[in-house]
Amino acid sequence: MTTETIKLDPPRRFNFRDITRHPSVIEYRRLAAVVALANLWVFGSGLANRSWVTDGAFDVAAIAQIALINFTLAILIRQQRVVNVLFWAATRIPTSWPLWIRWGAGKIFHFGGLHSGGAVAGSVWFAFLLFGLVANEVNGVGQTSSLTLGLSAAMVGLMTLMIATAIGPIRQKFHNRFEHVHRFAGWTLLALFWAHNAAMVRDAGVPITSSLAFWLLCVITLSIASPWMTLKKVPIEVEKSSNHAVVVRFNYGDTPFAGSSNSLSLNPLREWHSFANIPTPGEDGYRLVISRAGDWTGQFIDNPPDKVWVKGITTSGVARIEVLFKKVVYVGTGSGIGPILPHLLAHEVPNKLIWSTRSPRKTYGDKLVDEIEANTDDPLIWDTDERGKPDLSTLALQAIKETGAEAVIVISNQKLTQRVIYDMERRGIPAFGAIWDS
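Residues numbered from 1 in each chain as written. Predicted model: local features only at pLDDT ≥ 70, side-chain atom pairs only at ≥ 80, totals over all residues. Heavy atoms only, no water.

**So, the sheet that holds strand β11 (residues 380-383)**
Here is step 1 of the chain: The strand order across the open sheet formed by five strands is β11-β10-β9-β12-β13, and the pairing between neighbours is parallel. This sheet does not close on itself; its edge strands, each paired only once, are β11 and β13 (431-433). Strand-to-strand twist of the sheet, defined as the mean angle between neighbouring strand axes without regard to direction, takes the value 15°.
Here is step 2 of the chain: Here strand β9 (residues 328-333) pairs with strand β12 (residues 407-411) via five bridges, running parallel. Looking across to β12, one finds that Val331 is bridged to Val410.
Here is step 3 of the chain: The strands touched by helix α17 (residues 414-425) are β9, β12 and β13; relative to β13, the strand with the most contacts, the crossing angle is about 165°. (Pairing = 2+ DSSP bridges. Helix = DSSP H or I, 4+ residues; strand = E, 2+ residues; numbered from the N terminus. Axes fitted to C-alpha atoms, helices over the stretch in contact; angles between N-to-C directions. Contact = heavy atoms within 4.5 Å.)

This is the structure in structure tokens:
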């Protein structure tokens, strides 16, 4: 395969997919917009029916319940077992179904839009709740204690901090701080939610178990706690391929499925990093590839530990959707080969591999490269040290035309992933890749 044999078609004067497939309107954002519109409809209906004010007082119990419904959506949709169920349901669709249906089902990994949409909407509702509590207090109506007001104000402050640090540019620049804020402010908010609910039912003079909020908090608490209930420190073996990458082996009784990931940590209260699992058919345990991409990975490579922390269960990832298609083209760069390799080994779906990386054998070792070449037909392994950086969109399009593959799956950095997906989808080719929503 050579880039000289094919060129990307110039865009037509007007192509509707130029708009509908643009990164600014990806399914993640559409789902967040659906949540926002649904909440606006609820709010508007309440205004029309005068549901938010009863006998001159804001119905703070109803407002609190809607806020918690949104938070429950935001938290449950990211629960590992829920994620696996979503992927399982989406990948039940047979390849005999029309391509447009399978294309849509393959976007299941955009569920994070429901997480962000629910979290923001819940925070807005909670700010409305605080407004209602203050208004009731000023007007001398309702039954609001100083404790309830104080808790509400503190919670709105924490929610604002979490949303601010989750904004794309801020999150990318201060990722470790975002992670710490999200974890510790989130835990603090959970405790405050319980205290707030107890204070509100005491103000209203009703049993705590009589409110929907109590049962929603039970679901939220279980969802947040469940991954930590499986926290364990496990032994590992580290094979140092180079100063840029290592292969880590696990064998502690868990053999994950292809297309899954696990989170690792050296300090479970500080930071967690997710990596794609590489199970080998017929063997117990699994491997994963860690490349130098920051302080944590650099420390791991330079001073490999004997044990690491893992929590939760193996969770489905983007490449899991390959089974929706008769044949796929994998496009990977650098350590992006990690999430791709288990699918090559599984031989479940015919594929064509395009892997762009610097000095593949020197960086990742002969054993890994030989394994790749032995498990996929005629892979294109592009050595960027020798040939420079390729136009991956052109290579992917050529592979589609030569092999008749139905879809492209990209495992690369955010900018390159977005570009290849857009170049493919605006030409009517389904394409998928991680969206960095969490």
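**Points about the packing of helix α6 (residues 112-139) against helix α9 (residues 175-204)**
Here is step 1 of the chain: One way to put it is that α6 packs onto α9 with a least axis distance of 14 Å and a crossing angle of 40°. Here α9 runs oblique to α6, going by the angle between their axes. As for how α6 packs across α9, the hand of that crossing is left-handed. Each of His115, Phe126, Leu129 and Leu133 in α6 lies in contact with α9, whose residues at this interface are His182, Phe193, His196 and Met200. (Parallel < 35°, antiparallel > 145°, perpendicular 65-115°, else oblique. Left-handed = near helix turned anticlockwise from the far one by under 90°.)

**So, helix α16 (residues 392-403)**
Here is step 1 of the chain: Given a rise of 1.5 Å per residue, twelve residues ought to cover 16 Å, and the 16 Å separating the end C-alpha atoms of α16 matches this to within 8%.
Here is step 2 of the chain: Of all twelve residues in α16, nine are buried; the element is thus mostly enclosed.
Here is step 3 of the chain: Contacts from the buried residues of α16 go to β9, β10 (351-357), β11, β12 and α17.
Here is step 4 of the chain: Measuring from the side-chain oxygen of the N-cap residue of α16 to the backbone nitrogen of Ser393 gives 3.2 Å; that N-cap residue is Asp391.
Here is step 5 of the chain: Backbone geometry just after α16 places Gly404 at a positive phi near 75°. (Expected span 1.5 Å × (residues − 1). Buried < 20%, exposed > 50% of the residue type's maximum accessible area, 1.4 Å probe, protein only. Polar contact = N/O pair within 3.5 Å; in protein donor to acceptor, adjacent residues only side chain to side chain.)

**Focus on the pairing of β9**
Here is step 1 of the chain: Buried residues dominate β9, accounting for six of its six residues.
Here is step 2 of the chain: Where burial is concerned, the two faces of β9 agree: the one with Val328, Tyr330 and Gly332 and the one with Val329, Val331 and Thr333 are both buried.
Here is step 3 of the chain: Both β9 and β10 contribute to a ladder of six bridges, which runs parallel. If you follow Val328 over to β10, its bridge partner there is Asn351.
Here is step 4 of the chain: Between the parallel pair β9 and β10, the chain is carried across by helix α12 (residues 337-346), and the sense of this crossover is right-handed. (Right-handed = clockwise from strand over helix to strand, strands pointing away.)

**Describing the nonpolar core**
Here is step 1 of the chain: By size, the foremost hydrophobic cluster in this structure holds 40 residues, and its most contacted members are Ile321, Tyr330, Leu353, Trp355, Ile372 and Phe432.
Here is step 2 of the chain: If you list the elements that add at least two residues to this core, you get α4 (80-90), α5 (99-105), β4 (245-250), β9, α12, β10, α14 (366-374) and β12.
Here is step 3 of the chain: The greatest single-element share of this core, amounting to five residues, is contributed by α12.
Here is step 4 of the chain: Once residues within four sequence positions are removed from consideration, Ile372 is found in contact with Ile337, Leu341, Leu344, Leu353, Trp355 and Ile381.
Here is step 5 of the chain: Grouped together as the second largest cluster of nonpolar side chains are 35 residues, Ile66, Leu130, Leu151 and Met159 included. (Core = buried A, V, L, I, M, F, W, Y, C linked by side-chain atoms within 4.5 Å.)

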